[in-house]
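Remarks on the overall topology
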Amino acid sequence: MHYHSRIYTHYLQKMLFLSESNVRQCLNMSDCLAINRVALQSIFTKQSTVPTRLALAYEPADKHDDDVPDWTLVKAASFTQQADEVNDADHHHPSSSSTTQMGVKVVSVRSHNPDHGLPLVPASLLNIDPATGIVDAVLAATYLTAARTAAGSALATSIMQPNLQHLVVFGAGLQAELHVHAIATALGYSIPKLTIVNRSERRAQELAQKLPADWVQHTHVVLLNDSLSVADALSTADCVVTSTNAATPVLDGTTLLKPGCHVNGIGSYTPHMQEVAARTVDRCRVLIDTHEARTVGDLKHLTEHHPVMLLGELLLNPDLKNKWKSDEQTSPMIDCTFYKSVGTCIQDIMTASVVVKRARELGIGMEVDMS
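From a predicted model like this one, the values you see are computed outputs, not experimental measurements.

Section: the confidence of the model for the chain
Residue-level pLDDT values for the chain average 89, and 89% of them are 70 or greater. The low-confidence segment residues 1-7 (pLDDT under 50) makes 11 contacts with residues lying over four places distant or belonging to another chain. Confidence drops under pLDDT 50 across residues 86-95; counting only partners more than four residues distant or on other chains, this segment forms eight contacts.

Right under this line is the structure:
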């Protein structure tokens, strides 16, 4: 079939709408890890284009001075596949490379949503056919956002702590749940010990009870205000995940992590938000999802001499781990690792492409004739 004929054949397809439950049906964690590996690598290889996001601040009428700011963000991205990676079926494509994925995501943070049974981070995504520029699918993307974020952390953890025995997670929401799922999947075994640290015991216990045995063997719950129990858990942690929307550090540096501990920080995304204290970050070699991560509160104090690397580079060259850790120019005080993610739309749109493909194969979702 001619290239241009394929364009207009695709144009005649109906627009597909996928709900949150549809997305869950079509996205398994193994596939999510695989596509996010490619997405993160594309940032390093420059196969992805991610323009600066647009941000709209939201202040409710009843806002208090100590409330964390709420935002609505508009993000876009595209992925360009190189000629030698194009499927044989597309050998007639007229250029040496092909933009194969494109999309736009709208994501918000609303601090008080959970009080009303709504997601803290609601999101929607438009999947765009690159050839025609037509939106061919609309996805509810709250679960997708959490899954791709967890996938990035899990990929970093599988390299830095491949024999993890004790995982500590701050938070008890969807992000916390999917981080346990993703890390267990990436490691290929059930995590021997999990400690959930949360403000609310009820939410932590609810999460603990829903985690299956093939994700985690033993789960303990610790309240955030129980500083002695938190310190005890952190002292034996191989990996720590901070999945909160706190503006001030939950990992405040008063407790020393054991040497070799790996930290995944995912909650902060502005210069004024910080989940991990500077004294902890200063002990860490730092992995980032994008260069923008260096501007957030956790990392903005770092000098240009601090060891920082894109996760995508390490995923492409895992042997860099040993060279990075043995660098004689690095201070011996740096004995842990920290992966800081702020979220990137290339992960969203590439994860969405997997979901849309699977949904069409299974006949899942609702198609609407937009003509």
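Overview of helix α11 (residues 345-362)
End to end, α11 covers 25 Å across 18 residues, agreeing with the expected 26 Å (1.5 Å per residue, within 8%). Of all 18 residues making up α11, 13 are buried, and the element is well covered by its neighbours. Following α11 by one or two positions, glycine 363 has its phi on the positive side, about 70°.

Observations concerning the sheet that holds strand β9 (residues 191-198)
Pairing is parallel in the open sheet, where eight strands are placed in the order β10-β9-β8-β11-β12-β15-β13-β14. A strand with exactly one partner marks an edge of an open sheet, and here the two such strands are β10 (216-223) and β14 (308-310). Averaged over all pairs of adjacent strands, the angle between their axes in this sheet comes to 20°, without regard to strand direction. Strands in contact with helix α4 (residues 142-160) are β11 (239-242), β12 (262-265), β13 (284-288) and β15 (336-340); relative to β12, the strand with the most contacts, it is inclined by about 170°. Sitting on the sheet, helix α7 (residues 227-235) touches β8 (166-170), β9, β10 and β11, and the angle it makes with β8 is about 140°.

Overview of the packing of helix α3 (residues 29-45) against α4
Two elements in contact, α3 and α4, have axes separated by 9 Å at closest approach and are oriented at 75°. The orientation of α3 relative to α4 falls into the category roughly perpendicular. Between α3, through Cys32, Leu33, Asn36, Arg37 and Leu40, and α4, the contact on the second element is made entirely by Ala147, Arg148, Ala151, Gly152, Ala154 and Leu155. Of the residues belonging to the contact of α3 with α4, the class tally is seven nonpolar, two polar and two charged.

Topic: the pattern of salt bridges
Counting across every chain of the model gives nine salt bridges. Between arginine 283 and aspartate 335 there is a salt bridge, with the nearest N and O atoms lying 2.9 Å from each other. On the criterion of sequence distance, the pair formed by arginine 283 in the loop between α8 (278-281) and β13 and aspartate 335 in the loop between α10 (320-325) and β15 is long-range, its members being 52 residues apart. Note that glutamate 361 is salt-bridged to arginine 358, the shortest N-O span being 3.4 Å. Taken as a pair, glutamate 361 and arginine 358 lie in helix α11 at a separation of three residues, close to a single helical turn. Judged by its relative accessible area of 38%, arginine 358 falls in the partly exposed class.

A few points about the nonpolar core
Taken as a class, soluble globular proteins show a tendency for nonpolar side chains to be buried jointly. If you look at the biggest cluster of nonpolar residues, it comprises 99 residues, and the most contacted ones within it are Leu18, Leu139, Leu167, Phe170, Val240 and Leu287. At 11 residues, the largest contribution of residues to this core is made by α4. Setting aside chain neighbours within four positions, we find leucine 18 in contact with Val23, Val138, Leu139, Ala140, Val355, Val356, Ala359, Ile364 and Gly365.

A short note on the packing of α4 against helix α5 (residues 174-187)
As a packed pair, α4 and α5 sit with axes 8 Å apart at the nearest point and diverge in direction by 45°. Taken together, the axes of α4 and α5 lie oblique to each other. Between α4 and α5 lies a crossing whose hand is right-handed. Facing Thr142, Tyr143, Thr145, Ala146, Ala147, Thr149, Ala150, Ala151, Ser153, Ala154, Thr157 and Ser158 of α4, the residues of α5 in contact are Leu174, Gln175, Leu178, His179, Ala182, Ile183, Ala186 and Leu187. Of the residues assigned to the contact of α4 with α5, the class counts are 12 nonpolar, eight polar and no charged.

Focus: the side chain of aspartate 298
Considering the arrangement of structural elements, one finds aspartate 298 in the loop between β13 and β14. Comment: no salt bridge for buried aspartate 298; closest opposite-charge side chain is lysine 340, at 4.2 Å. Setting aside chain neighbours within four positions, we find aspartate 298 in contact with Ser268, Met273, Gln274, Glu275, Val276, Val281, Phe338 and Lys340.

Basis of the calculations
Numbering of residues starts from 1 in each chain and follows the order in which that chain's sequence is written. For this predicted model, a pLDDT threshold of at least 70 governs which residues receive local features, and a threshold of 80 or more governs which side-chain atom pairs are given and counted, while totals over whole chains, interfaces and linings are taken from all residues. Note that water and hydrogens are dropped before the side-chain values are worked out from all heavy atoms of the structure. Residue-level confidence of the predictor is summarised by pLDDT, bounded by 0 at the bottom and 100 at the top. Residues count as neighbours in contact if any of their non-hydrogen atoms are within 4.5 Å of one another. Secondary structure elements are taken from DSSP: a helix is a run of H or I of four residues or more, a strand is a run of E of two residues or more, and numbering for both begins at the N terminus. Multiplying 1.5 Å by the helix residue count minus one yields the expected span of that helix. Only protein chains enter the calculation, and the probe is 1.4 Å; a residue is then buried if its accessible area is under 20% of its type maximum, exposed if over 50%, and partly exposed in between. By definition, two strands form a pair when at least two bridges between them are found by DSSP. Interaxial angles span 0 to 180 degrees and are taken between N-to-C directions of axes, which are lines fitted to C-alpha atoms, for helices over the stretch in contact. Under this scheme an angle from 65 to 115 degrees is roughly perpendicular, one under 35 degrees roughly parallel, and one over 145 degrees roughly antiparallel; angles in between are oblique. Gly is placed with the polar residues, together with every amino acid not listed as nonpolar (Ala, Val, Leu, Ile, Met, Phe, Trp, Tyr, Cys and Pro) or charged (Asp, Glu, Lys and Arg). A side-chain nitrogen of Lys or Arg and a carboxyl oxygen of Asp or Glu constitute a salt bridge if their distance falls within 4 Å. We call a set of buried Ala, Val, Leu, Ile, Met, Phe, Trp, Tyr and Cys residues a nonpolar core when their side-chain atoms join them within 4.5 Å. Left-handed describes a crossing whose near helix is turned anticlockwise from the far helix by less than a right angle; the clockwise case is right-handed. Under the convention used here, Asp and Glu are negative, Lys and Arg are positive, and both His and the chain ends fall outside the count.

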